[in-house]
Amino acid sequence: MIKKISMVILTLLVMVVTNYLLANYFKVNFIELSFIVGLLYTLVIGFFSSEGGITTRMFDTKFEMLWNHESNSKNKFIKFYVNGPLVVAIAYTAISFIASVIIYWKYF
């Protein structure tokens, strides 16, 4: 339980620090890059938390050709493992999107 909580806190901390460093580097406000950072982290964490994606099928096909063994690539669906860091990344992205819409509403 402590490990799961520490991974959630570490994920949030890494996302906030990355967002802060990028905002300082590009000389923009923190909120301007928060949605993009959240979306990128969500995609990366989701990619590594999934099973049965395109990379899995690619490696299964290579090994199937080598061993002439039936692979489990017949399943065409991607299976996601919902974990703490993925939930934090999705929540960060959603909150930053809502905050961006609220702050920049007059420009829409």
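Structure shown above.
Cut-offs applied
- Residues numbered from 1 in each chain as written.
- Predicted model: local features only at pLDDT ≥ 70, side-chain atom pairs only at ≥ 80, totals over all residues.
- Heavy atoms only, no water.
- Helix = DSSP H or I, 4+ residues; strand = E, 2+ residues; numbered from the N terminus.
- Expected span 1.5 Å × (residues − 1).
- Buried < 20%, exposed > 50% of the residue type's maximum accessible area, 1.4 Å probe, protein only.
- Contact = heavy atoms within 4.5 Å.
- Axes fitted to C-alpha atoms, helices over the stretch in contact; angles between N-to-C directions.
- Parallel < 35°, antiparallel > 145°, perpendicular 65-115°, else oblique.
- Left-handed = near helix turned anticlockwise from the far one by under 90°.

Notes on helix 2 (residues 30–48)
The end-to-end C-alpha distance of helix 2, which contains 19 residues, comes to 27 Å, matching closely the 27 Å that a straight helix rising 1.5 Å per residue would cover. For helix 2, the full list of buried residues reads Ile31, Leu33, Ser34, Val37, Gly38, Thr42, Ile45 and Gly46. On its buried face, helix 2 sits against helix 1 (2–26), strand 1 (50–51), strand 2 (79–80) and helix 4 (84–103).

Focus: the packing of helix 2 against helix 4
Between helix 2 and helix 4, the shortest axis-to-axis distance is 8 Å and the interhelical angle comes to 155°. As far as their axial angle goes, helix 4 and helix 2 are roughly antiparallel. Remark: the crossing between helix 2 and helix 4 carries left-handed chirality. Contact residues: Phe30, Ile31, Ser34, Phe35, Gly38, Leu39, Tyr41, Thr42, Ile45 and Gly46 in helix 2; Pro85, Leu86, Ala89, Ile90, Tyr92, Thr93, Ser96, Phe97, Ala99, Ser100 and Ile103 in helix 4.

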